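Summary of the model geometry
If you want the building blocks of each chain, they are given just below.
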Amino acid sequence: MTKNVSGNAKLAIQGAGKRYGDVLALHDCSLEVEANSIVSIVGPSGCGKTTLLWSMSGLHRLSEGEIQLDGKVIVKPRPEIGLVFQEANLLPWRNLMDNILFPFEIKGQKPDRAWIDHLLDRVNLTGFEKSFPNELSGGMQQRAAMVRALSLNPSVLLMDEPFGALDAFTREEMNQLVEEIWMETHTTIVFITHSIEEALFLSDKVVVLTPRPGRVLNIYDVPFDRPRTIEVMAGKEAFDLHHRIKADIYRQERRAGAAAAE
Amino acid sequence: MSEKTDLGGRVGKGLQSLSSFGSGTTRLEIAAIIATAVTVIGGLELVLRWLDVPQYILPPPSAIAIALITDFPLILPHLGHTLVVLLSGFGIGAGVGLFLAAIITQFPFAEKIIAPYVLILVTTPMLALVPLLILWFGFGYAPRIIAVALASGPMVMINSATGFRRVDSNKIALARSYGASTLQIFRKVRAPMALPMILVGLMIGAIFGLLTAVGAEMVGGGYGLGNRLTTYSSMIQMPQFFGVVLILSFLGIMIYVIFFLIGKRWASWET
Ligand SMILES: Nc1ncnc2c1ncn2[C@@H]1O[C@H](COP(=O)(O)OP(=O)(O)O)[C@@H](O)[C@H]1O
Ligand SMILES: [Mg+2]
């Protein structure tokens, strides 16, 4: 993978801040995401991760700073960006295929059936096209949501704790699926998670945010080749990274706790 | 679904119990249901005959059935009148109610202002207005249709508004992330999400409409099933009277079944 030089980033977050009434959710947050890389964002609950991701998707207006995609400031949702929500967020009154076709209906665009069928096959959902969300397991729903997001061939995929509600085994399967899809498409992925294992397995970079208002505390490079094996992920280097990220998060939480106690 | 209103839940359960008549019923259960019906009706027949209860107090089921069959040609035009009143009144009331609910829920401020008036419309029995409506509009269809519209419209409106208010911000964000317009969000997210509650509103509205139609006909006189009730009871033709009551129960059940089937087809994702 070629490393892009700074200034040539796919996504550039510059001094991003977001205020909800009295709550300052995000402040002075800057980060660059290289094209074709996977970047994970971890941080304590409520530190503004969803806020940051929704701002990248164009769903939220920032109160301070700006976010650029391919050098252009994001002011509204853009077709190059695909979003996977915290829950699968399928429309319960539509079957799986109609859920996947939903974006095309909104855009009045002809769906690429061959690509959709390929994606469905990739995530093992072939044959479930007519099933309704309440007939699918949590993992299947989230896989369908991934197909929906990828069906438009986005150049950036934003994922907000997509597997947080799944059990550990399903989650690992899903992580492998994301890796496989990335090896096929090389889509730039920004991945929010509260699992450090997940972040290390998937990412080229792990970004640790501070407690609210969210700001970038540290960025860790994860230098392992893909596909990543169990051996590498259980190795010393991964262990050390895991430990440092964990220490970052815990140290801050203790500090935040102490500040709150005063 | 994250939110669920009491009413929706209750009617949903009611619909479920009705659906238990459908597919999952065994032969034995069907036999038991029929046997019970035969026992109740037959038992009533025997008891009434054995005790020699006069027909003007309570006619036996057989007399009601015979009256219903022989007098049906006489009752039929009145059924037609009632259906015209019900369908046009309900159509107008439901249409306006649905439209207002869709508009008003887009403006929370306006909604707060008109809420008390809607509540008054919902809670006031519109039958009370029928004498006034007759004074204004005469003895024709108009006052009855207006009464039915006034009775069913607010019911449809208040339930549909509950449905439209059921916003799931993630689903709306999903649509917005694909660049959906306000109208698209309404058509493809808000409306389908509201549909189960709309159907509940339409069903309750139709039942209220039926009650009001019959009541208005009792007051207004001349024609309609309600008028048949007052006429038959004043002439002490009790078998015919109960025949009309049976037709009215049948209409009520039909309303229920129709909306149940629509719900099963279009809103089954809710349960
Ligand atoms: N729409 C909103 N209105 C008001 N406050 C909000 C809103 N969305 C998020 N917040 C607040 O902003 C902070 C960051 O939220 P969020 O971005 O969801 O955090 P995270 O995803 O990291 O858990 C939280 O304290 C949350 O309560
Ligand atoms: Mg979040």
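Structure report, in brief.

Procedures and definitions
- Residues numbered from 1 in each chain as written.
- Chains lettered and ligands numbered in written order.
- Predicted model: local features only at pLDDT ≥ 70, side-chain atom pairs only at ≥ 80, totals over all residues.
- Heavy atoms only, no water.
- Helix = DSSP H or I, 4+ residues; strand = E, 2+ residues; numbered from the N terminus.
- Buried < 20%, exposed > 50% of the residue type's maximum accessible area, 1.4 Å probe, protein only.
- Areas by Shrake-Rupley, 256 points an atom, 1.4 Å probe, with all protein chains shown as cover.
- Lys, Arg positive; Asp, Glu negative; His and termini not counted.
- Charge placed at Lys NZ, Arg CZ, Asp CG, Glu CD.
- Axes fitted to C-alpha atoms, helices over the stretch in contact; angles between N-to-C directions.
- Parallel < 35°, antiparallel > 145°, perpendicular 65-115°, else oblique.
- Left-handed = near helix turned anticlockwise from the far one by under 90°.
- Contact = heavy atoms within 4.5 Å.
- Nonpolar A, V, L, I, M, F, W, Y, C, P; charged D, E, K, R; others polar.
- Near = heavy atom within 4 Å.
- Polar contact = N/O pair within 3.5 Å; in protein donor to acceptor, adjacent residues only side chain to side chain.
- Buried area = accessible area lost by both parts, 1.4 Å probe.
- Salt bridge = Lys/Arg side-chain N within 4 Å of Asp/Glu carboxyl O.

1. Quick word on the overall build of chain B
Of the regular secondary structure elements, chain B holds 11 helices and zero strands. Put simply, chain B runs from its N terminus to its C terminus through helices and strands in the order α-α-α-α-α-α-α-α-α-α-α. Out of the 271 residues belonging to chain B, those deemed buried represent 45%. When the accessible surface of chain B is split by element, carbon and sulfur atoms take 75% of a total near 14400 Å². The averaged location of the 10 negative side-chain charges in chain B is 12 Å from the averaged location of its 17 positive side-chain charges.

2. Overview of the packing of helix α6 (residues 130-137) of chain B against helix α7 (residues 141-165) of chain B
Residues and elements named next belong to chain B. Interhelical geometry of α6 versus α7 gives an angle of 140° and a closest axis separation of 8 Å. With respect to their mutual orientation, α6 and α7 come out oblique. As for the relative orientation of α6 and α7, their crossing is right-handed in sense. Between α6 and α7, the residues in contact are V130, L133, I134 and F137 and A142, P143, I146 and A147, respectively. The class makeup of the residues in the contact of α6 with α7 is eight nonpolar, no polar and no charged.

3. What to know about the site of ligand 1
Residue and element names in this part refer to chain A. The local shell around ligand 1 consists of Y20, A25, S45, G46, C47, G48, K49, T50, T51 and R212. T50 places a polar side-chain atom, nitrogen or oxygen, 2.7 Å from an oxygen atom of ligand 1. The side chain of T51 places a nitrogen or oxygen atom 2.5 Å from an oxygen atom of ligand 1. Relative to its unbound accessible area of 560 Å², ligand 1 is 61% covered by the protein chains. In terms of residue count, helix α1 (residues 49-57) provides more of the shell around ligand 1 than any other element does, three residues in total. For the shell around ligand 1, the per-class residue count stands at three nonpolar, five polar and two charged.

4. Quick look at the interface of chain A and chain B
Taken together, the contact pairs 21 residues of chain A with 18 residues of chain B. Carbon and sulfur atoms make up 65% of the area that chain A and chain B hide from each other, which totals about 1900 Å². Area buried by chain A at its contact with chain B is led by L59, W93 and I106 of chain A, which between them contribute 34% of it. Linking chain A to chain B there are one salt bridge.

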